[in-house]
Amino acid sequence: MVRRMSDVRRLAAGLFVVGFPGVTPDDDVKRLIDDGVAGVILFKRNVGMPADTAALVRALKVHAGRPLLAAVDQEGGRVARLRGAPFTSLPPMRELGRTRDAALLSRVGRLLAFETRAVGFDWDFAPVLDVDTNPKNPVIADRALHHDAAEVARLGVALAQGLEEGGVASCAKHFPGHGDTSQDSHLDLPTLPHGLERLRRVELVPFAAYAKAQLASVMTAHVVFDALAPGVPATMSAAAMQGLLRGELGFEGVIVSDDLEMKAIADRAPIGDAAVQSLRAGVDCFLVCHRPEVQRAAIDAVARAVESGQVPAARLHEAHGRVAALQRRFAQGPSDRVATLGSAEHQALAAGLDAGAFKGVDPTEAALPR
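A brief report on the enclosed structure follows. Quick caveat: nothing in here was measured; it's all calculated off a predicted structure. (Residues numbered from 1 in each chain as written. Predicted model: local features only at pLDDT ≥ 70, side-chain atom pairs only at ≥ 80, totals over all residues. Heavy atoms only, no water.)

**Description of the overall build of the protein chain**
From N to C terminus, the protein chain includes 14 helices and 12 strands. Taking 2.2 N^0.38 as the reference for a compact globule, 370 residues should give roughly 21 Å; the C-alpha atoms of the protein chain span a radius of gyration of 19 Å, in line with that estimate. Each principal axis of the C-alpha atoms in the protein chain carries an extent, and together these give about 60 × 50 × 30 Å. A total of 370 residues make up the protein chain; the buried ones form 59% of that total. Within the protein chain, counting contacts between residues at least 6 apart in sequence, those at least 24 apart form 79% of the total. Across the protein chain, the centroid of the 42 positively charged side chains sits 2 Å from that of the 44 negatively charged ones. (Helix = DSSP H or I, 4+ residues; strand = E, 2+ residues; numbered from the N terminus. Rg over C-alpha atoms; globule rule 2.2 N^0.38 Å. Buried < 20%, exposed > 50% of the residue type's maximum accessible area, 1.4 Å probe, protein only. Contact = heavy atoms within 4.5 Å. Lys, Arg positive; Asp, Glu negative; His and termini not counted. Charge placed at Lys NZ, Arg CZ, Asp CG, Glu CD.)

**Some points on helix α5 (residues 102-118)**
Here α5 contains 17 residues, and its C-alpha end-to-end distance of 24 Å stays within 8% of the 24 Å for a straight helix at 1.5 Å per residue. For α5, the N-terminal capping position is held by Asp101, with its side-chain oxygen 3.1 Å away from the main-chain nitrogen of Ala103. Directly beyond the C-terminal end of α5, a positive phi value near 105 degrees is found at Gly120. (Expected span 1.5 Å × (residues − 1). Polar contact = N/O pair within 3.5 Å; in protein donor to acceptor, adjacent residues only side chain to side chain.)

**Details of the layout of surface pockets**
One number sums up the size of the second largest pocket: a volume of about 210 Å³. As for the second largest pocket, its lining consists of 14 residues, and the residues nearest its centre are Gln214, Leu215, Ala216, Glu252 and Gly253. Of the residues in the lining of the second largest pocket, the class split is eight nonpolar, three polar and three charged. (1 Å grid on protein atoms, 1.4 Å probe; cavity = no way out; pocket = protein on both sides within 12 Å on 5 of 7 lines; lining within 4 Å. Points joined across faces, edges and corners; volume = space filled by probe spheres on them. Nonpolar A, V, L, I, M, F, W, Y, C, P; charged D, E, K, R; others polar.)

**Structural notes on the packing of helix α6 (residues 149-165) against helix α8 (residues 204-212)**
Axis separation between α6 and α8 bottoms out at 8 Å; the angle between their running directions is 35 degrees. The two elements α6 and α8 meet at a crossing, and its hand is right-handed. Every residue of α8 that contacts α6 at Ala149, Ala150, Val152, Ala153, Val157, Ala160 and Glu164 is listed here: Val205, Pro206, Ala209 and Tyr210. Of the residues belonging to the contact of α6 with α8, the class tally is 10 nonpolar, no polar and one charged. (Axes fitted to C-alpha atoms, helices over the stretch in contact; angles between N-to-C directions. Left-handed = near helix turned anticlockwise from the far one by under 90°.)

**Describing α8**
All of the buried residues in α8 are Leu204, Pro206, Phe207, Tyr210 and Ala211. All buried residues of α8 lie within an arc of 160 degrees about the axis, which places them on one face of the element. Against α6, β7 (172-175), α7 (196-201), β9 (217-220) and α9 (238-248) lie the buried residues of α8. (Arc of directions from axis to C-beta.)

**Section: the side chain of Asp124**
Within the fold, Asp124 resides in strand β6 (residues 123-124). Put simply, Asp124 is tucked away with no salt bridge, and the nearest opposite charge, on Lys173, sits 6.4 Å away. Within the structure, Asp124 has its side chain in polar contact with the backbone nitrogen of Gln74 (distance 2.9 Å). With sequence-adjacent residues up to four places away left out, Asp124 is seen in contact with Val72, Asp73, Gln74, Leu112, Thr116, Leu163, Val168, Ala169, Ser170 and Cys171. (Salt bridge = Lys/Arg side-chain N within 4 Å of Asp/Glu carboxyl O.)

**So, the packing of α5 against α6**
Closest axis-to-axis distance for the α5/α6 pair is 7 Å, and the angle between their directions is 35 degrees. Note on packing geometry: the crossing formed by α5 with α6 is right-handed. Along the contact surface, α5 presents Ala102, Leu105, Ser106, Val108, Gly109, Arg110, Leu112 and Ala113, while α6 presents Arg154, Leu155, Ala158, Leu159, Gly162, Leu163 and Glu165. Grouping the constituent residues of the contact of α5 with α6 by class yields nine nonpolar, three polar and three charged.

**Looking at the packing of aromatic side chains**
The way to describe two aromatic rings as a pair is by their centre distance and the angle between their planes. Counting across every chain of the model gives four aromatic pairs. For the pair Phe16 and Phe286, a centre-to-centre distance of 5.3 Å together with 35 degrees between the ring planes defines the contact as tilted. Separated by 270 residues along the polypeptide, Phe16 in strand β1 (residues 16-18) and Phe286 in strand β12 (residues 286-288) bring together distant segments of the chain. (Phe/Tyr/Trp six-rings, centres within 6.5 Å; stacked < 30°, edge-to-face > 60°.)

**Points about unusual backbone geometry**
Here the amide bond leading from Lys173 into His174 is cis, since omega sits at 10 degrees, within 30 degrees of zero. Looking at where His174 falls in the secondary structure, it is placed in strand β7. Here the amide bond leading from Phe175 into Pro176 is cis, since omega sits at 0 degrees, within 30 degrees of zero. Structurally, Pro176 is set in the loop between β7 and β8 (191-192). One non-glycine residue with positive phi stands out, namely Ala141, at about 45 degrees.

In structure tokens:
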């Protein structure tokens, strides 16, 4: 039983993964680590040469002195924070998906694990399991593996299993599906009218396969599905998180929010309120990627909500337990494996996966589901 506010706040902090500016740990991120945050996420603004990135991750973990998850978005194509030799320049997932080669996608997963682990990362926010039903989608499009839901499921699970075989937690995104939107949730709040029958036939198929494979984590979509909760982003919807993902699909891993500072959320509610509502809905872990004052406010809001009874203490403990289990399984201590980049094992994993190798594969596209 949680008894003191300090206990509550530390448990609340343990549900957050935070971003920070620069290529060295600043005082704000150090204080947040001291407060007990679950992890840190690095972006382009944080990475430099491989040895510098590895040194930064190592410094963060040394400061923590405990399991600390280091996370990154390393999908391939246009979403890759680690770029330039010796990292492999992967093509967009759409091009890899056209090969329909699950063994190839498993090797891509192992390659991503090898390269991210070499500089200290424990958690890769990949693969995208959105179905490519709208090629003009401004935020997904060629990040998706295929227009056929069954192919996304088969190939996406293969990639995720490859990642986890390489010792890095995977993350299926963006539940319950961001593939058919015409708006970018970084900038606005998309709404989709699809009914449950359509969701079960298309959007949910890859996430059901991921849940069945008992993989590590699922990231939420800041998208409104009127069939689930009119006007409420899926991140904040118990119908989406508990009803569909936990209940219907049987997912048992960590549910992590997309960045709560994205405008789809931040323009509509204080981020602390959004975190509280999302925790009540069933989200376990929260990305807050930019401003330290917002990160602290969100942690404080969750702590106050538990202390006041607005969020049951049992829900806090449940979420914290899942995140802690992810840390125990994947968070490695400070290490230096940069020298493994370019090794024979690395070259074998990367062979033939250059960004231009897959153009023109399987050019015939079936009618996209609507």
